Amino acid sequence: LREPFYPAEGETFGYSENIKLIEEEENEFLLTSKQIEKFRNELSQFEKILVVVGQHKPDSALIIALNQFQQATNAVVVGDIIANTHLLEQAIRHQDTTLTKGFSNFESLRPDLVITLGKSVLSKNLKLFLRDHKPQQHWHLQQAGPVADTFQTLTKIIRVNPTHFLEKVSPALQKI
């Protein structure tokens, strides 16, 4: 490519009169009762669950759902620095201080299932840890769009509203 990136003097520049409009129907991205039962059954097979929240706008409903899911499954929630999970009391937000080269017992931290939601994750140590200590399964919750396999462990993309997923699969998992 070279300059100029604008029309030369005297050159005309215009738009086509045939404009194509593409309409997109709204979708709530909700689970069916059959899917809810399936995911509840699958979740019950995992002992160590790690939920990683990437970049996310502030969302109080998500925080409530994460708290409910965490209590129901004993999951560990890691909220990246840009995840806006600061209102979730039990979230790990400074994982880079634990996941350093001096820590010797990484294998004991290996999750059976990783559930990710949100956009990018900045923590290099978390990325390296999950790449080196791969879980059995890695599910990503996202309504639409391309999904990056950041940890190189992705096994399932679930096209759902993450808050809805967490709310619906949690109740049957309550521990007594």
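Residues numbered from 1 in each chain as written. Predicted model: local features only at pLDDT ≥ 70, side-chain atom pairs only at ≥ 80, totals over all residues. Heavy atoms only, no water.

What should I look at first to understand the side chain of His164 in this one?
Assignment of secondary structure puts His164 in helix H5 (residues 162-169). Among the polar contacts made by the side chain of His164, one reaches the main-chain amide nitrogen of Leu31 at a distance of 2.9 Å. Apart from residues lying up to four places away in sequence, His164 is in contact with Phe29, Leu30 and Leu31. (Helix = DSSP H or I, 4+ residues; strand = E, 2+ residues; numbered from the N terminus. Polar contact = N/O pair within 3.5 Å; in protein donor to acceptor, adjacent residues only side chain to side chain. Contact = heavy atoms within 4.5 Å.)

Explain the pattern of salt bridges to me, please; I cannot follow it from the model alone.
Under the criterion given, the structure shown has 2 salt bridges. Two residues, Lys38 and Glu42, come together in a salt bridge whose shortest N-O distance is 3.8 Å. With Lys38 and Glu42 both in helix H1 (residues 33-43) and 4 residues apart, the pair spans about one turn of that helix. Here Glu42 ties to Lys156 by a salt bridge, and the two come within 2.7 Å at their closest N and O atoms. Taken together, the residues span a long stretch of sequence, with Glu42 in helix H1 and Lys156 in strand E5 (residues 156-158) at a distance of 114 residues. (Salt bridge = Lys/Arg side-chain N within 4 Å of Asp/Glu carboxyl O.)

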